[in-house]
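Inside the fold
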Amino acid sequence: MVIHPIKPVYDKNSKILILGSFPSVKSREEGFFYGHKQNRFWKVVSGIFEEEEPESIEEKESLLIRNKIALWDVIQSCDIVGSSDSSISNVVPNDLSIILSTADIKAIYVNGKTAHKYYKKYTEPVIMRSAICLPSTSPANAAWSMEKLLSAWKIIKKN
């Protein structure tokens, strides 16, 4: 059983909530979301908002807060082998009420099909809000070029 070690990023001005499934081994080691250099999350988000790609955790948090984005994961704890989403079992979902009671979230997005699956199973029935599934920024999603990801993800800028 692995417990999610990263606190959510949000403030009272957050309007968009982006949820991943569960942090990778690299992210858990780094202590922040999307820590694997091959993951395109930071490149995509900074590209959409026409900002420089952040390097440090502080720069990443600032990019999110400045653009009214809250970031967390669907899963609070689970059994997982390495970083393999397909190995996830014994899921305990995160309680999103700490974000939803603080910020006026206009839209919820999930990063990839695994996050969407667990969101629909555990979170949506509790909070009664659907999420829009965006294509995963993971390097495992090689079918999606950077250009296609930017095109699909630009929807987050509309809120």
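Presented here is a report on the structure given in the accompanying data block. Since we're looking at a predicted model, the values are computed, not measured. Each chain has its residues counted from 1, following the order in which its sequence is written. Where local features are concerned, this predicted model is filtered to residues with pLDDT of at least 70; where side-chain atom pairs are given and counted, the filter is 80 or more; whole-chain, interface and lining totals use all residues. Side-chain measures were taken over the full set of non-hydrogen atoms in the model, leaving aside hydrogen atoms and water.

1. Details of the packing of aromatic side chains
Let me state the cut-off plainly: Working definition: a ring pair exists when centres of Phe, Tyr or Trp rings (six-membered ring for Trp) sit within 6.5 Å. Plane angles under 30 degrees give stacked, over 60 give edge-to-face, the rest tilted. Labels follow the DSSP assignment, with helices taken as runs of H or I lasting at least four residues and strands as runs of E lasting at least two, numbered in each case from the N terminus. Using a 1.4 Å probe on the protein chains alone, a residue whose accessible area is under 20% of its type maximum counts as buried, one over 50% counts as exposed, and one in between counts as partly exposed. Two conditions define a charge sitting above a ring: the NZ of Lys or the CZ of Arg must be within 6 Å of the ring centre, and it must be within 35 degrees of the ring normal.
Tallying each qualifying case throughout the model produces six aromatic pairs. Consider the rings of phenylalanine 32 and tryptophan 42, whose centres lie 6.0 Å apart with planes at 20 degrees: the pair is stacked. Residue phenylalanine 32 is located in the loop between helix 1 (25–30) and helix 2 (41–48), and its partner tryptophan 42 is located in helix 2; the two are separated by ten residues in the primary sequence. Summarising the burial analysis for this pair, phenylalanine 32 and tryptophan 42 share the class buried. Summarising the aromatic geometry, the rings of phenylalanine 41 and tryptophan 153 are spaced 5.8 Å apart at their centres and angled 85 degrees between planes, so their arrangement reads as edge-to-face. A residue pair is termed long-range when its members are at least 10 positions apart, and phenylalanine 41 in helix 2 and tryptophan 153 in helix 6 (residues 146–153) qualify at 112 residues. The pair phenylalanine 41 / tryptophan 153 is uniform in exposure class, with both members buried. Three or more aromatic residues link up through ring pairs in this structure, and these residues are Phe32, Phe33, Tyr34, Phe41, Trp42 and Trp153. Here the basic side chain of lysine 148 rests over the ring of tryptophan 144, its NZ or CZ set 4.8 Å away from the ring centre.

2. A look at helix 2
Which entries qualify depends on this criterion: What makes two residues a contact is simply this: any of their non-hydrogen atoms within 4.5 Å.
Most of helix 2 sits out of view: six of its eight residues are buried. Those residues of helix 2 not exposed but buried are Phe41, Trp42, Val44, Val45, Ser46 and Ile48. For helix 2, the elements touching its buried residues are strand 2 (16–20), helix 3 (57–66), strand 3 (69–73), strand 6 (107–111) and helix 6. A positive backbone phi angle near 55 degrees is found at glutamate 50, which sits one or two residues after helix 2.

3. Some remarks on the pairing of strand 4 (residues 75–79)
Definition in use: At least two DSSP bridges between two strands are needed for those strands to be called paired.
The pairing of strand 1 (residues 2–3) with strand 4 spans two bridges and is classified as antiparallel. By the bridge assignment for strand 4, valine 2 is matched with cysteine 78. As paired elements, strand 4 and strand 5 (residues 89–93) share three bridges and run antiparallel to each other. The partner of aspartate 79 across the bridge, within strand 5, is serine 89.

4. Examining the side chain of serine 14
Quick reminder of the rule: Under this definition, polar contacts are N or O atom pairs within 3.5 Å; protein pairs additionally need one hydrogen-donor-capable and one acceptor-capable atom, and for neighbouring residues in sequence, both atoms have to be side-chain atoms.
Within the fold, serine 14 resides in the loop between strand 1 and strand 2. A polar contact of 3.0 Å, which involves the side chain of serine 14, links it to the backbone nitrogen of aspartate 11. Setting aside residues up to four positions removed in sequence, serine 14 forms contacts with Lys68, Ile69, Ala70, Ala103, Asp104 and Ile105.

5. Focus: the layout of surface pockets
To keep it simple, the criterion reads: Points on a 1 Å grid, built from protein atoms alone, make a cavity when a 1.4 Å probe fits but cannot get out and make a pocket when they are open with protein on both sides within 12 Å along at least 5 of 7 lines; residues with an atom within 4 Å of a point are the lining residues. Grid points are joined across faces, edges and corners, and a volume is the space filled by probe spheres set on the points.
In this model, the largest pocket occupies a volume close to 630 Å³. Lining of the largest pocket is provided by 30 residues; of these, Ser21, Asn39, Asp85, Ser136 and Ser138 occupy positions nearest its centre. Elements with a contribution of two residues or more to the lining of the largest pocket: helix 5 (113–127) and strand 7 (132–134). The element that contributes the greatest number of residues to the lining of the largest pocket is helix 5, accounting for three residues.

6. Quick word on the nonpolar core
In plain terms, the rule: What makes a nonpolar core is a set of buried Ala, Val, Leu, Ile, Met, Phe, Trp, Tyr and Cys residues whose side-chain atoms join them at distances within 4.5 Å.
Residues Ile18, Leu19, Phe33, Trp42, Trp153 and Ile156 are the most contacted members of the largest nonpolar core, which totals 44 residues. The biggest single contributor to this core is helix 2, with five residues. In contact with tryptophan 42, other than residues within four places in its own chain, are Phe32, Phe33, Tyr34, Glu53, Pro54, Lys60, Leu63, Leu64 and Leu71.

7. Things to note about the packing of helix 2 against helix 3
Spelled out, the test is: Working convention: axes come from line fits to C-alpha atoms, limited for helices to the stretch in contact. Angles between N-to-C directions cover 0 to 180 degrees. Small angles under 35 degrees read as roughly parallel and large ones over 145 as roughly antiparallel, with 65 to 115 read as roughly perpendicular and the rest as oblique. Crossings are sorted by hand: turned counterclockwise from the far helix by less than a right angle, the near helix makes the crossing left-handed, and turned clockwise it makes it right-handed.
Running from N to C, helix 2 and helix 3 point in directions that differ by 40 degrees, and their axes come no closer than 11 Å. By the angle between their directions, the pair helix 2 and helix 3 is classed as oblique. The element helix 2 and its partner helix 3 pack so that their crossing is left-handed. Between helix 2, through Trp42, Val45 and Ser46, and helix 3, the contact on the second element is made entirely by Lys60, Leu63 and Leu64.

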